[in-house]
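Tertiary structure, described
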Amino acid sequence: MHDLGEAERGRAIELVLVGMTTCHSCVAAGEDFEGPSPDEVALLRAAKQAGFRFISCENRLVSVQQGGRGRRWEVLRVLEFDSDRKRMAVVLRGDEGLAVFAKGADSAISLTLAPEQQHLSAITARTHQMACAGLRSLWFAHKSLPPGTDPASLSEAEIESGL
């Protein structure tokens, strides 16, 4: 991300933080979070420190406090994480339209990426360096869906391809 302009870098960080606060299976518990894995709770805590606080997911509406502003997304589809897929994805409707947010293992997310990813080789190299140092990594991906798309009619592969 070092070669991105300031606006592009800010947008990329915002998309990762939106993904962190919308693509999970946690619940808010007072000022903290509870979830099926400590990793998901840690991601929500990190997002909160960065100014994106997950508030709730009720009646298929995810609420997030971003700075002093509340944001909401309607959850249209959830593709749950499992040990075979090694990733999770959500289809959301928000102010900017329909979008897919996904997170997962680099090996799983890399299979779903659009071929024209500008920074993929640098990200892959950095992920390899981290793995050699004994560190774990988690990749996030995003794509917008065209207006009028019916997420219910899309297969999992159609939802996750071209991220």
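Presented here is an overview of the structure given in this document. (Residues numbered from 1 in each chain as written. Predicted model: local features only at pLDDT ≥ 70, side-chain atom pairs only at ≥ 80, totals over all residues. Heavy atoms only, no water.)

Looking at the overall build of the protein chain
A tally of helices and strands in the protein chain yields 5 helices and 8 strands. Of the regular secondary structure in the protein chain, the N- to C-terminal order runs α-β-β-α-β-β-β-β-β-α-α-β-α. Over its C-alpha trace the protein chain gives a radius of gyration of 16 Å, about what one expects of a compact globule, namely 15 Å for 163 residues. Put simply, the protein chain shows about 9400 Å² of open surface, and 53% of that area lies on carbon and sulfur atoms. Side-chain charges in the protein chain split into 18 positive and 22 negative, and the spacing between the mean points of these groups amounts to 2 Å. (Helix = DSSP H or I, 4+ residues; strand = E, 2+ residues; numbered from the N terminus. Rg over C-alpha atoms; globule rule 2.2 N^0.38 Å. Areas by Shrake-Rupley, 256 points an atom, 1.4 Å probe, with all protein chains shown as cover. Lys, Arg positive; Asp, Glu negative; His and termini not counted. Charge placed at Lys NZ, Arg CZ, Asp CG, Glu CD.)

What to know about the pairing of strand β5 (residues 69-79)
Regular strands place their side chains on alternate faces of the sheet. Pairing analysis gives 6 bridges linking strand β4 (residues 61-66) to β5, with the strands arranged antiparallel. In the strand pairing of β5, V64 is matched with R71. Linking two consecutive strands that pair antiparallel, namely β4 and β5, is a turn of 2 residues; a positive phi of about 60° is found at G67 within it. Judged from the 5 bridges that link them, β5 and strand β6 (residues 87-94) form a sheet pairing that is antiparallel. Of the residues in β6, the one forming a bridge with E74 is R93. (Pairing = 2+ DSSP bridges.)

A few points about the packing of aromatic side chains
How two aromatic rings sit relative to each other is set out by the distance from centre to centre and by the angle between their planes. Taken as a whole, this structure holds 1 aromatic pair when the rule is applied. Plain terms: the ring middles of F33 and F54 are 6.3 Å apart, the flat faces sit at 45° to each other, and that makes the pair tilted. Of the two residues, F33 is situated in strand β2 (residues 32-34) and F54 in strand β3 (residues 52-58); the sequence distance between them amounts to 21 residues. Per residue, the accessibility class of F33 equals that of F54, and both read buried. (Phe/Tyr/Trp six-rings, centres within 6.5 Å; stacked < 30°, edge-to-face > 60°. Buried < 20%, exposed > 50% of the residue type's maximum accessible area, 1.4 Å probe, protein only.)

Focus on the sheet that holds β6
On the basis of which strands lie adjacent, the open sheet formed by 6 strands has the order β3-β4-β5-β6-β7-β8 and antiparallel pairing. Of all the strands in the sheet, the pair left with one neighbour each is β3 and β8 (139-145). Neighbour-to-neighbour, the strand axes of this sheet turn through a mean angle of 30°, independent of strand direction. Relative to strand β7 (residues 97-104), β6 runs antiparallel, the two being bridged by 8 bridges. (Axes fitted to C-alpha atoms, helices over the stretch in contact; angles between N-to-C directions.)

Structural notes on the layout of surface pockets
Taken as a whole, the second largest pocket spans an internal volume of roughly 420 Å³. Contributing to the lining of the second largest pocket are 17 residues, with S37, D39, F81, K103 and L138 lying nearest its centre. Secondary-structure elements contributing two or more residues to the lining of the second largest pocket are α2 (38-49) and β7. If one sorts the elements of the lining of the second largest pocket by residue count, α2 sits on top with 4 residues. Its residues placed into classes, the lining of the second largest pocket shows 7 nonpolar, 4 polar and 6 charged. (1 Å grid on protein atoms, 1.4 Å probe; cavity = no way out; pocket = protein on both sides within 12 Å on 5 of 7 lines; lining within 4 Å. Points joined across faces, edges and corners; volume = space filled by probe spheres on them. Nonpolar A, V, L, I, M, F, W, Y, C, P; charged D, E, K, R; others polar.)

Re α2
Here α2 contains 12 residues, and its C-alpha end-to-end distance of 16 Å stays within 8% of the 16 Å for a straight helix at 1.5 Å per residue. Burial in α2 covers these residues: E40, V41, L43, L44 and A47. For α2, the buried positions fall inside an angular range of 160° around the axis, keeping them on one side. Among the exposed residues of α2, those oriented more than 90 degrees off its buried face are P38 and Q49. Along its buried surface, α2 packs onto α1 (6-22), β2, β3, β6, β7 and β8. Regarding α2, its N-cap is S37, as a side-chain oxygen of that residue lies 3.2 Å from the backbone nitrogen of D39 further along. (Expected span 1.5 Å × (residues − 1). Arc of directions from axis to C-beta. Contact = heavy atoms within 4.5 Å. Polar contact = N/O pair within 3.5 Å; in protein donor to acceptor, adjacent residues only side chain to side chain.)

With respect to the nonpolar core
General note: in soluble globular proteins, nonpolar side chains tend to be found buried as a group. Counting residues in hydrophobic clusters, the biggest one holds 22 residues, and the most contacted among them are F52, V90, L92 and F101. Looking at this core, the elements with two or more residues in it are α1, α2, β3, β4, β5, β6 and β7. With 14 residues, the next largest nonpolar core counts A89, V100, L113 and I159 among its residues. (Core = buried A, V, L, I, M, F, W, Y, C linked by side-chain atoms within 4.5 Å.)

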